[in-house]
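# A structural walkthrough
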Amino acid sequence: MRIRKPLVYLSALAVVIATGISLAVVLIIPRPSQPQPVTSGCAWPVALNQATLAENSQVNVSNPDTASDYWIMPVPVEQGLSVTLAGRYPDSRYMSIAVYNADGSPFTTNGIASTLTDYRIAPDPGSVNPWQHQAPPGGGFTVTLRSSVAPGQVNTLPLAPAGTPSGTTDVIFYRVYAAHGAPGQVPLPTITLTRNGESRQLSQCPASGQDQIPKSYCSIPWVAKGAPVCGVTGRASTTGAAGTIVPFARDPIGTGGTPDTDIAYLSATVVPPRNGDVLVIRAQAPTTPSGTAPTPWPEPGTDLRYWSLCIDLAKPPVPVVVNRLPGGTADYGCRYDSQVALDGSGYYTFVIGTESQRAAIERIPGATFLPFSAAQPAQRYKLNMRNMLAERGFGEAVQDVPANGRSASAAAVMGPYYPRIASCPLATLVTSGPAVCMRASAPPSANANQTTSSGHTVPTVLFICAIAGWAVLEAWQVLRRRRNSGPAATSANRGSLLIGVLGAIVAVAIAILAAVEVPATSVPGGLITFGIGLLIMCSGIFLRWWSVKTPGHPDQPVTTTGPYRFTRHPSYLGFIMALTGIGVVLDNWLSIAALALIPLISLIYLIQVEDKHSPRP
């Protein structure tokens, strides 16, 4: 009873303190601000297009296509709210209206998807949809967004996924690709909000800039996490070894990111060569409608509605390259189908180089120049190949490629349309043409195991095998040690051995963190560095195995055969070597230091404990 009473008193006191803290949090700390009511704002407050990219770098996020014009409308989820969009078909290659949830993902309600593409939008009475029938742009349409939708409803989109709580912010995207004229010439749909039988049409927002982005936009969770315009600072990325090329593949499809569901992407990552070489990308070009005017879809004789290739900086928030040029103009790292030169066989040749190489590249027949960043030339880059709305008979589209990250899968499906990439001296390209450059870039074999996360499968498999072998060796050694050691020795060494294990775990955690978060201390070398690290690691594992297999003699307190001829503790030396090798594989000096020094300190303590309990001669 004497023991239980204090525990009861302490428990009651803890409950009182916790309750008081909870009340203080509720009463004193202000609640997060709710999204700004859209009824007090204006229509389409956020614009993302080539003009805003040039004027405000903080809206250059998520690898935008510079031939696209986006307008974004945040909408708070409210019971009984409906939104009516009344617009005119634009003079453009493509248009769509999409709704995304608070995580930036499309959704489906009662079988109705949250995206409506141009050719599926029915016209108003007396108008014609130019993506359904041959007609000039300008006809009218009306689309209604509401929470309750049912199959068969024309021009209706779900406003929010089922079960979405009130106060959550969803967004409406109005997308236009390859428009005729400037973004200001695209007619935007009017927005009318209807609540409890009362309707109000919103006035049009002024042209978007940083100061016009409303608080309601930054209250959207996926925006607040990644948009520099909302105060988010992007992390730096590792540059990687110069000349690294990870071929094009279709990455696994995740959630969020407000994807255009009509588009599929092939992605590659590259690091520019340091010797002045250029990157050459070559493949057969899919056919698309010509010009920017809308045409009935599907269109006979075409493969896709649209395709493009863009080069982006492979670091958050993944901006497209924008280089300032003399005269106040800018060069953007995107080219779409109508801007791409083709040779007599219908093949394109993209050449990625620096602005100083532009003139020489543009003189090459059939070449299309794409720029590395003038401000960050050695940065790792991400290349995005977009395919939009594939024709049913075109089985080589990116949409048909498995989203498994394997370049071999993409090459097998796309055949001649698969974009091969190679590094090439500019002089060779100018004098001998792209065919010579591409000889070093054979299409990925269907049996190859290339992925966008690793580009070197054989070394990766060797590394995994080495780790697995080491794990088996360590498990066997622990069992052997328990069997052969006496009770006193086991008791004495248990604590020190635990310290050694914890030291290794801490070292590995710090090493991985340093490799990810501190790219400034990365080690150059690529596969060479990987091979050196793997060699050091395997040498350490072998030394550790050799020391375990070397028998001792009962009349000799100190073993002097095998590896013990060279060092008194070869097993521990092998352990340090194996960990150091992992640090070299991670390509980071801080990782190497952590994996070499932290376990060394713990092993020095372990050696002292063992020496204390070892028999004396």
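Refer to the structure above for everything that follows.
Criteria and cut-off values
Each chain has its residues counted from 1, following the order in which its sequence is written. In keeping with the predicted nature of the model, local features appear solely for residues at pLDDT of at least 70, side-chain atom pairs appear and are counted solely at 80 or more, and the whole-chain, interface and lining totals rest on all residues. Note that water and hydrogens are dropped before the side-chain values are worked out from all heavy atoms of the structure. Secondary structure elements follow DSSP: runs of H or I no shorter than four residues count as helices, runs of E no shorter than two count as strands, and numbering proceeds from the N terminus. We call a residue buried when its accessible area falls under 20% of the maximum for its residue type, exposed when it is over 50%, and partly exposed in between, using a 1.4 Å probe and counting protein chains only. We count Lys and Arg on the positive side and Asp and Glu on the negative side, and we leave His and both chain ends out. Criterion for a salt bridge: a side-chain nitrogen of Lys or Arg within 4 Å of a carboxyl oxygen of Asp or Glu. Residue contacts follow a heavy-atom distance rule, with two residues in contact if any of their heavy atoms lie within 4.5 Å. Take the buried Ala, Val, Leu, Ile, Met, Phe, Trp, Tyr and Cys residues and link them wherever side-chain atoms come within 4.5 Å; each set so joined is a nonpolar core. Any two strands are treated as partners once DSSP identifies two or more bridges connecting them. Axis definition: a line fitted to C-alpha atoms, limited for helices to the stretch in contact. Angles are taken between N-to-C directions and run from 0 to 180 degrees. Cysteine sulfur atoms that pair up within 2.5 Å are treated as a disulfide. Cavity means a closed set of points on a 1 Å grid over the protein atoms alone, one where a 1.4 Å probe fits but cannot get out, pocket means an open set with protein on both sides within 12 Å along at least 5 of 7 lines, and lining means a residue has an atom within 4 Å of a point. Grid points are joined across faces, edges and corners, and a volume is the space filled by probe spheres set on the points. Only rings of Phe, Tyr and Trp enter the pairing, Trp through its six-membered ring, and a pair is recorded when the two centres are within 6.5 Å. The plane angle decides the type: under 30 degrees is stacked, over 60 is edge-to-face, the rest tilted. Only Lys NZ and Arg CZ are tested; either one counts as a charge over a ring when it is within 6 Å of the ring centre and within 35 degrees of the ring normal.

## Points about the side chain of Asp-69
- Residue placement: Asp-69 occurs in strand β2 (residues 68-76).
- Although Asp-69 is buried, it makes no salt bridge; Arg-175 carries the closest opposite charge, 11 Å away.
- Those residues in contact with Asp-69 that sit more than four places away from it in its chain are Leu-48, Asn-49, Tyr-174, Arg-175, Val-176, Ala-179, Pro-183 and Val-186.

## Describing the nonpolar core
- Within the largest apolar cluster, 34 residues are counted, with the highest numbers of intra-cluster contacts made by Phe-248, Ile-281, Tyr-348 and Leu-383.
- At the level of elements, β14 (263-270), β15 (278-284), β16 (304-313), β20 (347-353), β22 (381-390) and α6 (407-414) are the ones that each hand at least two residues to this core.
- Beyond its immediate sequence surroundings of up to four residues, Ile-281 is in contact with Phe-248, Leu-309, Tyr-348, Thr-349, Phe-350, Ile-352, Leu-383, Pro-419, Arg-420 and Ile-421.
- Trp-44, Ile-97, Val-143 and Ile-172 belong to the second-largest nonpolar core, a separate cluster that totals 30 residues.

## A short note on the sheet that holds strand β1 (residues 46-48)
- Strand order in the open sheet formed by five strands is β1-β2-β10-β4-β7, with antiparallel pairing between adjacent strands. A single partner strand is all that each edge strand has here, and the edge strands are β1 and β7 (115-117). Pairwise comparison of adjacent strand axes, ignoring direction, gives a mean angle of 15° for this sheet.
- One ladder, built from three bridges, connects strand β4 (residues 92-100) with β7; its direction is antiparallel. Paired with Ile-97 across the strands is Leu-116, a residue of β7.

## Quick look at the state of the cysteines
- Counted by the stated rule, this structure contains three disulfides.
- Note on cysteine connectivity: Cys-42 is disulfide-linked to Cys-205, with sulfurs 1.8 Å apart. On the S-S bond that ties Cys-42 to Cys-205, the torsion sits near 100°, and the link is right-handed. Of this pair, Cys-42 sits in the loop between α1 (4-28) and β1 while Cys-205 sits in the loop between β12 (198-201) and α3 (215-218); the two residues are 163 residues apart in sequence, bridging distant segments of the chain.
- Classification of Cys-42 by relative accessible area gives partly exposed; the value is 22%.
- With a sulfur-sulfur separation of 1.8 Å, Cys-310 is cross-linked through a disulfide to Cys-334. Of note, the bridge from Cys-310 to Cys-334 carries an S-S torsion of about 115° and is right-handed in sense. Of this pair, Cys-310 sits in strand β16 while Cys-334 sits in strand β19 (residues 334-336), placing them 24 residues apart in sequence. Like Cys-334, Cys-310 is buried.
- Summary of cysteine pairing: Cys-465 is not part of a disulfide, and the nearest cysteine sulfur, belonging to Cys-538, is at 9.7 Å.

## With respect to the pattern of salt bridges
- Taken as a whole, this structure holds ten salt bridges when the rule is applied.
- Between Asp-337 and Arg-93 there is a salt bridge, and its shortest N-O distance comes to 2.9 Å. You can see Asp-337 sitting in the loop between β19 and β20 and its partner Arg-93 sitting in strand β4, a full 244 residues away along the chain.
- Judged by relative accessible area, Asp-337 falls into the buried class, the value being 9%.
- Residue Asp-331 pairs with Arg-358 through a salt bridge whose shortest N-O separation is 2.3 Å. Of the two residues, Asp-331 is situated in strand β18 (residues 330-332) and Arg-358 in helix α5 (residues 358-362); the sequence distance between them amounts to 27 residues.
- Take Asp-331: its relative accessible area is 7%, and that puts it in the buried class.
- For Arg-358, a relative accessible area of 17% corresponds to the buried category.

## As for empty space enclosed by the protein
- This model, assessed by the stated rule, comprises two cavities of 30 Å³ or more.
- Its volume calculated, the largest cavity comes out at about 70 Å³.
- Lining the largest cavity we find Gln-284, Pro-286, Trp-307, Tyr-348, Met-385, Asn-387, Phe-394, Glu-396, Met-414, Tyr-417 and Pro-419.

## Examining the packing of aromatic side chains
- Applying the stated criterion to the full structure yields 16 aromatic pairs.
- Between Tyr-70 and Tyr-177, the ring centres sit 6.3 Å apart and the planes meet at 55°, which makes this aromatic pair tilted. Taken together, the residues Tyr-70 in strand β2 and Tyr-177 in strand β10 (residues 169-179) connect sequence positions 107 residues apart.
- An aromatic cluster is present here, built from Tyr-70, Tyr-94, Tyr-100, Phe-173, Tyr-177, Tyr-306 and Tyr-336 joined pairwise through their rings.
- Over the ring of Tyr-70 we find Arg-175; its NZ or CZ atom is 4.8 Å from the centre of that ring.

## With respect to the pairing of strand β3 (residues 82-88)
- As paired strands, β3 and strand β8 (residues 140-146) are joined by seven bridges and run antiparallel to one another. Across the sheet, residue Val-83 finds its bridge partner in β8, namely Leu-145.

## Observations regarding the sheet that holds β22
- Reading across the sheet, the five strands line up as β13-β14-β22-β16-β19 and stay open at both edges, with antiparallel pairing between neighbours. Whereas interior strands pair on both sides, the edge strands pair on one side only; in this sheet they are β13 (245-249) and β19. Here the average twist between neighbouring strands, direction ignored, is 10°.
- Pairing geometry for β13 and β14, over three bridges, is antiparallel. Across the sheet, residue Val-246 finds its bridge partner in β14, namely Thr-269.
- Here α6 sits on the sheet in contact with β13 and β14, set at roughly 45° to β13.

## Digging into the pairing of β10
- Summarising burial for β10: eleven of the eleven residues are buried, a large majority.
- Note that β2 and β10 share nine bridges and pair antiparallel. Among the inter-strand pairings, Pro-76 is bridged to a residue of β10, identified as Thr-169.
- Relative to β10, β4 is paired through eight bridges, and the arrangement is antiparallel. In the sheet register, Val-99 faces β10, and the bridge partner there is Ile-172.

## Brief notes about unusual backbone geometry
- Cis geometry is adopted by the peptide bond preceding Pro-298, which originates at Trp-297 and carries an omega value of 0°.
- Turning to its location among the elements, Pro-298 is positioned in the loop between β15 and β16.
- Note that the residue after Pro-316, namely Pro-317, is joined by a cis bond; omega there is 5°.
- Mapping Pro-317 onto the fold places it in the loop between β16 and β17 (322-324).
- Here Trp-44, not a glycine, exhibits a phi torsion of approximately 55°, which is positive.
- A positive phi angle is found at Asn-196, which is not glycine, with a value near 55°.
- For Asn-196, a relative accessible area of 70% puts it in the exposed group.

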